[in-house]
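Chain and residue survey
Okay, here's what each chain looks like letter by letter:
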Amino acid sequence: RKEVEQDPGPFNVPEGATVAFNCTYSNSASQSFFWYRQDCRKEPKLLMSVYSSGNEDGRFTAQLNRASQYISLLIRDSKLSDSATYLCGCAGANNLFFGTGTRLTVIP
Amino acid sequence: DAGVTQSPTHLIKTRGQQVTLRCSPKSGHDTVSWYQQALGQGPQFIFQYYEEEERQRGNFPDRFSGHQFPNYSSELNVNALLLGDSALYLCASSMDRVYGYTFGSGTRLTVV
């Protein structure tokens, strides 16, 4: 079983739409959770950390549900510049595992 | 403040050869992790180094080995290259897991 599971998409949404990505993890001992953004042929860049209380950064909201081992990312008012692959990451003591990534394309 | 630097940026090798990739972590970071990312896939964890020792290893064969030096820089070695080893190899450094890992721009390896 994979450490982290993500819907690979692709998600094609119009500008201004709200889109949600989900991710599940298998190791209940995972300690830290993240969303990364990866543009085509570039390295992943940290978008935001995910906390149990939920956290928001502008148009982006991340949630963690430890009981269900589930992480989500909500993007409101999508911009063309949001088009990228979004990677869910779960970290243990000595590792950080990623899902396959979800491809988002925002359409004019 | 220099980020994570990797070299070389691109590399072409022949099947059966050996390759060494290099990584310098971000200033202040002491932990280095290596990832393999095939086209259309997420980064796959190879291993993590801290205090010059391998702390954890992902599901990769022994052909993949690494090293960390006293200055925290690291090398990834791959022996007996296979066509399937063609991928983007990413190095990530960290200091505190809470803040996530910082990635280098990667080395694109092509095995022919």
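Since the model is a prediction, treat every value here as computed from it, not as a measurement. Residue numbers restart at each chain and count upward from 1, following the sequence in its written direction. Chain labels run from A onward and ligand labels from 1 onward, assigned in the order the entries are written. Only residues with pLDDT of at least 70 get local features here, since the model is predicted, and only at 80 or more are side-chain atom pairs given and counted; chain-wide, interface and lining totals rely on the full set of residues. To obtain the side-chain values, all non-hydrogen atoms of the structure were used and water was disregarded.

For the rest of this paragraph, the subject is the interface of chain A and chain B. Note on contacts: a residue pair qualifies if any of its non-hydrogen atoms lie within 4.5 Å across the two residues. Contacts between the two partners involve 20 residues from chain A, matched on the other side by 20 residues from chain B. Using a 1.4 Å probe, buried area is obtained as the accessible area two parts lose upon being combined, added over both of them. Summed over both partners, the interface of chain A with chain B comes to about 1800 Å²; 50% of that surface belongs to carbon and sulfur atoms. Considering only the side of chain A, the residues that lose the most area to chain B are A:Arg41, A:Glu43 and A:Asn94, jointly responsible for 28% of the buried surface there. For salt bridges, the criterion is a side-chain nitrogen of Lys or Arg within 4 Å of an Asp or Glu carboxyl oxygen. At the surface where chain A touches chain B, the tally comes to zero salt bridges. Within 3.5 Å is the distance limit for a polar contact, defined as a pair of N or O atoms, with the added protein rule that one can donate a hydrogen and the other accept it, and that residues adjacent in sequence qualify only through two side-chain atoms. Here chain A and chain B share eight residue pairs in polar contact (both at pLDDT 80 or more) between them. Looking at the side of chain A that touches chain B, the elements with two or more residues in it are strand S4 (32-38), strand S5 (45-50) and strand S10 (96-98) of chain A. The element that contributes the greatest number of residues to the side of chain A that touches chain B is S4(A), accounting for four residues. Strands are runs of DSSP state E lasting at least two residues, helices are runs of H or I lasting at least four, and both sets are numbered from the N terminus onward.

Now for the layout of surface pockets. As a volume, the largest pocket reaches approximately 480 Å³. A 1.4 Å probe that fits into a set of points on a 1 Å grid over the protein atoms alone but cannot get out defines a cavity; an open set with protein on both sides within 12 Å along at least five of seven lines defines a pocket, and lining residues are those with an atom within 4 Å of a point. In terms of lining, the largest pocket is formed by 23 residues, of which the most central are B:Gln37, B:Ala38, B:Leu39, B:Gly40 and B:Gln41. Sorting the residues of the lining of the largest pocket by element identifies strand S9 (84-91) and strand S11 (102-107) of chain A together with strand S9 (87-94) and strand S11 (107-111) of chain B as the ones contributing at least two each. Take the lining of the largest pocket: its biggest share by element is three residues, from S11(B). Polar here means any residue outside two lists: the nonpolar Ala, Val, Leu, Ile, Met, Phe, Trp, Tyr, Cys and Pro, and the charged Asp, Glu, Lys and Arg; Gly therefore counts as polar. Looking at the lining of the largest pocket residue by residue, the classes come out as eight nonpolar, 10 polar and five charged. Grid points are joined across faces, edges and corners, and a volume is the space filled by probe spheres set on the points. By volume, the second largest pocket is sized at about 290 Å³. In this structure, the second largest pocket is lined by 15 residues; those nearest its centre are A:Phe97, B:Pro43, B:Gln44, B:Phe45 and B:Asn59. The set of elements that each furnish at least two residues to the lining of the second largest pocket consists of S10 of chain A together with strand S5 (44-50) of chain B.

Turning next to the state of the cysteines. Should the sulfur atoms of two cysteines be covalently bonded, the bond is a disulfide. What counts as a disulfide here is a pair of cysteine sulfur atoms lying within 2.5 Å. Counted according to the given criterion, the structure contains two disulfides over all chains. Just so you know, A:Cys90 is unpaired, no disulfide at all, and the nearest cysteine sulfur is the one on A:Cys88, 4.5 Å from it.

Treat this as a map of the structure, not an account of what it does.
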